[in-house]
Amino acid sequence: MNYIEHIGKYFMMLRQVFKRPQKWKVFRETFFREVEDLGLKSLGIIMFISFFIGGVVAIQTALNVDSPFIPKYLIGFATKRSMILEFGPTFTSIILAGKVGSYIASSMGTMRVTEQIDALEVMGINSLSYLVLPKVLAALIFYPLLVLIAMFLGIYGGWAAGILTDLFYSVDYIDGVQLDFNPYFIKYAIIKTIVFAFVIATIPAYHGYYVKGGSLEVGRASTQAVVWTSVVIILLNYFLTQMLLG
Amino acid sequence: MIEVKNLHKSFGEAHILKGISSTFEKGKVNMIIGQSGSGKTVFLKCLLGLHTPEEGEISFDGRVYSKLDIDEKRLLRTEIGMLFQGGALFDSLTVEENIMFPLKMFANQSKKEMLERVNFVLDRVNLPDSNLKFPAELSGGMQKRVAIARAIVMNPKYLFCDEPNSGLDPQTATVIDNLIQEITDEYQMITVVNSHDMNSVMEIGEKIIFLKDGKKAWEGTNKEIFVTDNQAIVNFVYSSNLFKKVRESYLKESK
Ligand SMILES: Nc1ncnc2c1ncn2[C@@H]1O[C@H](COP(=O)(O)OP(=O)(O)O)[C@@H](O)[C@H]1O
Ligand SMILES: [Mg+2]
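Keep in mind that this is a model prediction, so the values were computed, not measured.

1. Some thoughts on the overall build of chain B
The number of helices and strands found in chain B is 10 helices and 10 strands. Relative to the globule expectation of 18 Å for 255 residues, the C-alpha radius of gyration of chain B, 19 Å, shows essentially globular dimensions. C-alpha atoms of chain B, sized along the principal axes, occupy 60 × 40 × 30 Å. Burial status across chain B gives 53% buried among its 255 residues. Partitioning the contacts of chain B with sequence separation of at least 6, the portion at a separation of at least 24 is 66%. Summed over all atoms, the accessible surface of chain B reaches about 11,600 Å², with 49% contributed by carbon and sulfur. Across chain B, 32 positive and 35 negative side-chain charges occur, with their mean positions spaced 3 Å apart.

Right under this line is the structure:
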């Protein structure tokens, strides 16, 4: 199949995904399970990474602005900006594309090759809606939250780095963080995150759902899913930035 | 009665089923036999509606599948129980949740009623006290029992089994075969079983269809299979020395 066919098939899949759930009670149960599997279980790694990235950004900025003409509050300001605009939404999404994307693709691929998806269909269940819709919803609701946490921890990590390394003063950093606060940037980041969340839930689902073969193909689909999810996120990031900030 | 007329199924260039016709009756275990790759699974998946045949007609007690609308198809599917080759249990759910799943989706019962029904079918397949285990914690034979329990929990009119005893030791295989036959008789279901295991063919095959090169090469009972002169089926049976001897002595006796 060529790219056009894949894209067509992907959108055909989405039409099945957004069908009304057959039983709301079952939907609610699966939704909460997905919040746990796709969201809560990634909380730790996202917190860890964003804290240290914030620290590194602050240190590097401090080392690069070692000039008496540049005010020291710039370090806090720059760290805040990069955490809110890029590291929060995009970096977090790329990490999630790897972690959650491979999980979704391999778990759904396994369901395909072990005929669990056939079993659902035989029971009269719309397997795409049953499996993918709760994932999409869980990602759309939970990932913006995750990104806000990542932004906060990144900025906090920058401050902690300053304290630890004595490269800048706490007051300067906090001044910088408070300087020129623009709520639109948060909105921009959340919009990006929502788009990325949709991509993270659906592209790996596509790769997993349509696997043919055995465990080898499931592994391959999982890798493909991560690659394509990342590529699409990076491209969309570029276009969204141009659209929203340009 | 399930009636299959002139069923054709291809995947791209590969013509897998080339015009299969037959009927399957109530209370009987019907068997589809043939070598690996002869199209047994494809045939069963056509019956289930998982594959759409290019040509031919399948009717379930007079309801022609291709002429049903979506709701009628869904209703029909709730009357079908399917036992997949690997069991196809949902590995993120416990045994109890697996079996309760169709009830939760389609039956408007209280939790208590559903649990009673689950325990009833678990008892029926001789697997009490496994409710809270996960499929991965069970042996192959036990997984098959759970899969049978899930297949019959909605009280289906039709039961389809794809190689129910593949991957099982001979003793467990016989137990599973007998279980399928018992419940078929007990609930007067129409049962269709795929197999390439001659042992289960002899044990429970009340009506046998032999697939070869995409066609129905032979049809008959497990008694007739010994006396037939049909070369294709004789070759298939003769591939086992044991059955060769059994057939010879059977032919000698009946003379
Ligand atoms: N979804 C599919 N797409 C393409 N070819 C298939 C598909 N399913 C089965 N086949 C082919 O159909 C033939 C029969 O397969 P199958 O019905 O699984 O045989 P078996 O009798 O062992 O169950 C095989 O050659 C297989 O490769
Ligand atoms: Mg098969």
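2. Topic: the sheet that holds strand β2 (residues 14–24) of chain B
If you trace the 4 strands from one edge of the open sheet to the other, you get β2-β1-β4-β5 (chain B), paired in antiparallel fashion. Two strands close off the open sheet at either side, each with one partner strand: β2 and β5 (63–64) of chain B.

3. Focus: the site of ligand 1
Residue and element names in this part refer to chain B. Around ligand 1 sit Phe11, Ile16, Gln35, Ser36, Gly37, Ser38, Gly39, Lys40, Thr41 and Val42, and that is every residue in its neighbourhood. Contacts to ligand 1 include Thr41, whose side-chain N or O atom sits 2.6 Å from an oxygen atom. Between an oxygen atom of ligand 1 and a main-chain N or O atom of Val42, the distance comes to 2.9 Å. In isolation ligand 1 has 560 Å² of accessible area, and contact with the protein removes 60% of it. For the shell around ligand 1, the element with the most residues is helix α1 (residues 40–48), which contributes 3 residues.

4. Some remarks on empty space enclosed by the protein
In the structure shown here, the tally under the stated rule is 5 cavities of 30 Å³ or more. Volume-wise, the largest cavity comes out at about 150 Å³. Lining the largest cavity we find 15 residues, and of these Met123 of chain A together with Ile80, Gly81, Pro102 and Arg150 of chain B sit closest to its centre. For the lining of the largest cavity, the secondary-structure elements that each account for two or more residues are α4 (116–122) of chain A together with α2 (70–78), β6 (80–83), α3 (95–106) and α5 (140–152) of chain B.

5. Re the domain arrangement of chain B
Residue and element names in this part refer to chain B. Under the domain assignment, chain B is made up of domain 1 (2–79 + 158–254) and domain 2 (89–155). Centre-to-centre, using C-alpha coordinates, domain 1 lies 26 Å away from domain 2. Counting residues at the interface gives 16 residues for domain 1 and 13 residues for domain 2. The interface formed by domain 1 and domain 2 holds 2 salt bridges in total. Here Arg124 ties to Glu186 by a salt bridge, and the two come within 2.7 Å at their closest N and O atoms. Across the contact surface, domain 1 and domain 2 share 4 residue pairs in polar contact (both at pLDDT 80 or more). Grouping the constituent residues of the side of domain 1 that touches domain 2 by class yields 10 nonpolar, 3 polar and 3 charged.

6. So, the pattern of salt bridges
Enumeration over the complete set of coordinates arrives at 21 salt bridges over all chains. Between Glu34 of chain A and Lys135 of chain A there is a salt bridge, with the nearest N and O atoms lying 3.0 Å from each other. Of the two residues, Glu34 of chain A is situated in helix α2 (residues 24–64) and Lys135 of chain A in helix α5 (residues 127–165); the sequence distance between them amounts to 101 residues. Across the pair, exposure class does not vary: Glu34 of chain A and Lys135 of chain A are buried alike. A salt bridge links Asp180 of chain A to Arg81 of chain A; its shortest N-O distance comes to 3.3 Å. With Asp180 of chain A in the loop between α6 (170–178) and α7 (183–209) and Arg81 of chain A in helix α3 (residues 73–113), the pair connects residues that are 99 residues apart, well separated along the chain. What makes Arg81 of chain A partly exposed here is its relative accessible area of 21%. Salt bridges linked by common partners bring Arg112, Glu115 and Asp118 of chain A together with Lys45 of chain B together as one network.

7. A closer look at the packing of aromatic side chains
Within the structure shown, the criterion is met by 22 aromatic pairs over all chains. Aromatic pair Phe210 of chain B and Phe236 of chain B: ring centres 5.1 Å apart, planes at 40°, arrangement tilted. Separated by 26 residues along the polypeptide, Phe210 of chain B in strand β9 (residues 207–212) and Phe236 of chain B in helix α9 (residues 231–238) bring together distant segments of the chain. Across this residue pair, the class does not change: Phe210 of chain B and Phe236 of chain B are buried. One aromatic cluster in this structure is built from Phe48, Phe51, Phe52, Phe152, Tyr156 and Trp159 of chain A. Its end group placed over the ring of Tyr209 of chain A, Arg112 of chain A keeps NZ or CZ at 4.7 Å from the ring centre. Directly above the ring of Phe90 of chain B sits Arg150 of chain B, whose terminal nitrogen or CZ lies 4.7 Å from the centroid.

8. A few points about the nonpolar core
Core analysis: the largest hydrophobic core is formed by 78 residues, its most contacted members being Tyr143 of chain A together with Phe24 and Phe160 of chain B. Both domains that meet at this core, namely domain 1 (2–79 + 158–254) and domain 2 (89–155) of chain B, each give it at least three residues. Excluding anything up to four places from it in sequence, Tyr143 of chain A contacts Leu38, Gly39, Leu96, Val100, Ala138, Thr193, Ala197 and Ile200 of chain A.

9. Concerning the side chain of Thr193 of chain A
Residues and elements named next belong to chain A. Structurally, Thr193 can be placed in helix α7. A polar side-chain atom of Thr193 sits 2.7 Å from the main-chain carbonyl oxygen of Ala189. If sequence neighbours within four positions are ignored, Thr193 has contacts with Pro89, Tyr143, Pro144 and Val147.

10. Some remarks on the sheet that holds strand β3 (residues 29–33) of chain B
Adjacent strands of a sheet form backbone hydrogen bonds with each other and so pair up, either parallel or antiparallel. All names here are of chain B. If you walk across this open sheet you meet the 6 strands as β6-β7-β8-β3-β9-β10, and the pairing is mixed. A strand with exactly one partner marks an edge of an open sheet, and here the two such strands are β6 and β10 (215–220). For this sheet, the mean inter-axis angle between neighbouring strands, taken without regard to orientation, is 15°. By the bridge criterion, 4 bridges tie β3 to β9 in an arrangement that is parallel. Bridge assignment links Ile32 to a residue of β9, and that residue is Ile209. Where helix α6 (residues 170–186) meets the sheet, its contacts fall on β3, β6, β7 (158–162) and β8 (190–195), and the angle it forms with β8 comes to roughly 160°.

What counts and what doesn't
Residues numbered from 1 in each chain as written. Chains lettered and ligands numbered in written order. Predicted model: local features only at pLDDT ≥ 70, side-chain atom pairs only at ≥ 80, totals over all residues. Heavy atoms only, no water. Helix = DSSP H or I, 4+ residues; strand = E, 2+ residues; numbered from the N terminus. Rg over C-alpha atoms; globule rule 2.2 N^0.38 Å. Buried < 20%, exposed > 50% of the residue type's maximum accessible area, 1.4 Å probe, protein only. Contact = heavy atoms within 4.5 Å. Areas by Shrake-Rupley, 256 points an atom, 1.4 Å probe, with all protein chains shown as cover. Lys, Arg positive; Asp, Glu negative; His and termini not counted. Charge placed at Lys NZ, Arg CZ, Asp CG, Glu CD. Pairing = 2+ DSSP bridges. Near = heavy atom within 4 Å. Polar contact = N/O pair within 3.5 Å; in protein donor to acceptor, adjacent residues only side chain to side chain. 1 Å grid on protein atoms, 1.4 Å probe; cavity = no way out; pocket = protein on both sides within 12 Å on 5 of 7 lines; lining within 4 Å. Points joined across faces, edges and corners; volume = space filled by probe spheres on them. Domains from an automatic or database assignment. Salt bridge = Lys/Arg side-chain N within 4 Å of Asp/Glu carboxyl O. Nonpolar A, V, L, I, M, F, W, Y, C, P; charged D, E, K, R; others polar. Phe/Tyr/Trp six-rings, centres within 6.5 Å; stacked < 30°, edge-to-face > 60°. Lys NZ or Arg CZ within 6 Å of the ring centre and 35° of its normal. Core = buried A, V, L, I, M, F, W, Y, C linked by side-chain atoms within 4.5 Å. Axes fitted to C-alpha atoms, helices over the stretch in contact; angles between N-to-C directions.

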